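Residue-level structural notes
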Amino acid sequence: MRIGIDLGGTKTEGIVMDASGDIVLRERRPTPQIQGYQAILDNIKDLVDALEKQAGRQCTIGIGTPGAISAVTDTLKNSNTTCMNGKPFKQDLEALLVRPVRIENDANCFALSEAIDGAGREYSVVFGVIIGTGVGGGIVVNKQLLTGSQHIAGEWGHNVLVANGPACYCGKRGCVETFLSGPALQYSYRELGGDTQLTAQQIVEQAETGEAVADTAVQRYLEYFGQALSVVVNILDPHAIILGGGMSNIQRLYTEGRKQLAKHVFNDELRTRLLINQHGDSAGVRGAAWLWEADETPD
Ligand SMILES: [Zn+2]
């Protein structure tokens with residue numbers, strides 16, 4: 001049995017997953033962000049205790065959370081739960097739970113879940129993409145995460161797409177994220193003279209009804225999408241790319257977006273499958289559970 005925990009800024013969700021990947025228990029709690037770091041640790045321990053009590057056994061524990069995890073110190077950075085940044089989260093949690101835990105960022109967990117038993121299950125090289133408030137990615141090869149020497153494998157969201165483009169929170173300019181996130185589409189729509197109040201989803205809906213400004217903004221978005229993803233395809237050449245996050249619901253990504261991608265890839269045909277995720281909001285928590293393999297024990 002595996003426990004997977006998705007530690008977000010507002011909620012902490014835990015599941016118990018059986019060997020076949022079925023979720024047998026699920027519990028959600030608010031993340032006590034205001035009370036601070038120790039309260040977040042205690043909250044996770046309480047959640048683990050409650051799940052194990054119901055499951056009647058000890059489980060492996062994997063955790064998915066936004067932000068980058070240092071390959072050297074296992075501390076978090078760029079987490080939106082800011083009190084977590086710079087803390088020895090892994091060590092502290094292992095001491096509290098008296099066993100090893102595994103931690104990965106949420107994009108890697110997403111990719112792992114979809115590659116093991118989601119939309120990418122039939123493919124050996126899978127690139128999992130999150131396009132929502134931010135843009136992230138994870139690489140899975142033969143059902144194993146590829147994390148890399150400094151734990152940034154798959155972070156295509158911070159490749160520079162347009163030199164001297166919009167400022168990104170990471171400190172650079174013109175990152176992929178500044179063109180493909182939900183807020184980026186809103187920004188582009190406003191710049192073209194569109195309604196400043198519309199959400200990214202509403203802009204997509206407006207484009208579907210034929211509204212000219214929204215359609216232009218979405219078309220530009222699809223061009224950037226193809227261009228940005230072609231860099232990943234040229235280097236990794238995955239068998240399948242699985243899209244997740246709020247923006248993955250744009251149907252045109254899988255038709256026009258794919259054509260844009262084909263245009264930029266270094267090949268006269270594009271064989272890569274471009275697929276929507278299968279596990280939706282559960283992919284993160286499932287991927288966290290899958291961080292432990294079947295033949296591994298938590299001692
Ligand atoms: Zn950036």
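Residues numbered from 1 in each chain as written. Predicted model: local features only at pLDDT ≥ 70, side-chain atom pairs only at ≥ 80, totals over all residues.

Brief notes about the sheet that holds strand β10 (residues 144–146)
Working definition: the strands of a sheet are paired by backbone hydrogen bonds and lie parallel or antiparallel to each other. Across the sheet, 5 strands lie side by side as β10-β9-β8-β11-β12; this open sheet has mixed pairing. In the strand order of this sheet, the two ends are held by β10 and β12 (273–276), each with one partner. The average angle at which neighbouring strand axes cross in this sheet is 30 degrees, direction not considered. Examined bridge by bridge, strand β8 (residues 125–131) and strand β11 (residues 240–244) share 5 bridges and lie parallel to one another. When the bridges of β11 are listed, Ile130 appears paired with Gly244. (Pairing = 2+ DSSP bridges. Helix = DSSP H or I, 4+ residues; strand = E, 2+ residues; numbered from the N terminus. Axes fitted to C-alpha atoms, helices over the stretch in contact; angles between N-to-C directions.)

Brief notes about the domain arrangement of the chain
When cut into domains, the chain gives domain 1 (2–105 + 285–289) and domain 2 (119–277). Its C-alpha centre places domain 1 at a distance of 28 Å from the equivalent point of domain 2. Of the residues lining the interface, 6 residues belong to domain 1; the matching set on domain 2 comes to 6 residues. Contributions of two or more residues to the side of domain 1 that touches domain 2 are made by β5 (68–69) and β7 (102–105). Considered class by class, the residues forming the side of domain 1 that touches domain 2 number 3 nonpolar, 2 polar and 1 charged. (Domains from an automatic or database assignment. Contact = placed C-beta atoms within 7 Å. Nonpolar A, V, L, I, M, F, W, Y, C, P; charged D, E, K, R; others polar.)

Notes on helix α1 (residues 37–55)
Look at α1: 27 Å from first C-alpha to last across 19 residues, which is about the 27 Å you get at 1.5 Å a residue. Here the buried face of α1 lies against β1 (2–7), β2 (11–17), β3 (23–30), β4 (60–65) and α2 (89–97). Looking one or two residues past α1, Gly56 carries a phi angle of roughly 75 degrees, positive in sign. (Expected span 1.5 Å × (residues − 1).)

Quick look at the pairing of β11
Counting buried residues in β11 gives 5 out of 5 residues, a clear majority hidden from the surface. Burial of β11 is two-sided: the residues Ala240, Ile242 and Gly244 facing one way and the residues Ile241 and Leu243 facing the other way are all buried. In this structure, β11 lies alongside β12, joined through 4 bridges in parallel fashion. Counterpart to Leu243 in the pairing with β12 is Ile276. Since β11 and β12 lie parallel, the crossover through helix α8 (residues 256–264) that links them has a hand, and here it is right-handed. (Buried ≥ 20, exposed ≤ 12 C-beta atoms within 10 Å, placed from the backbone. Right-handed = clockwise from strand over helix to strand, strands pointing away.)

Section: the pairing of β4
Counting buried residues in β4 gives 6 out of 6 residues, a clear majority hidden from the surface. Taking every second residue as pointing to the same face, both faces of β4 are buried, with Thr60, Gly62 and Gly64 on one and Ile61, Ile63 and Thr65 on the other. As paired elements, β1 and β4 share 5 bridges and run parallel to each other. When the sheet's bridge partners are listed, Asp6 is paired in β4 with Gly64.

Brief notes about the sheet that holds β7
If you trace the 5 strands from one edge of the open sheet to the other, you get β3-β2-β1-β4-β7, paired in mixed fashion. This sheet does not close on itself; its edge strands, each paired only once, are β3 and β7. When the angles between neighbouring strand axes are averaged without regard to direction, this sheet yields 20 degrees.

Description of the environment of Leu222
Within the secondary structure, Leu222 is located in helix α7 (residues 212–236). Counting along the chain gives 32 residues from Leu222 to Tyr254, while the straight-line C-alpha distance between them is 9.8 Å. Apart from residues lying up to four places away in sequence, Leu222 is in contact with Arg252, Leu253, Glu256, Gly257 and Gln260.

Digging into the nonpolar core
If you look at the biggest cluster of nonpolar residues, it comprises 79 residues, and the most contacted ones within it are Leu180 and Ile203. Sorting elements by how many residues they give to this core places α7 first, with 12 residues. Each of domain 1 (2–105 + 285–289) and domain 2 (119–277) accounts for three or more of the residues forming this core. Once you skip the residues sitting within four places of it in the chain, Ile203 turns out to touch Leu185, Gln186, Tyr189, Gly194, Leu198, Ala214, Ala217 and Val218. (Core = buried A, V, L, I, M, F, W, Y, C linked by C-beta atoms within 7 Å.)

As for the packing of α1 against α2
Where α1 contacts α2, the two axes come as close as 10 Å, and the packing angle between them is 45 degrees. What the angle tells us is that α1 and α2 run oblique. Taken as a pair, α1 and α2 cross one another with a handedness that is right-handed. Judged by residue contacts, Leu41, Ile44, Lys45 and Val48 of α1 engage Asp92, Leu93, Leu96 and Leu97 from α2. (Parallel < 35°, antiparallel > 145°, perpendicular 65-115°, else oblique. Left-handed = near helix turned anticlockwise from the far one by under 90°.)

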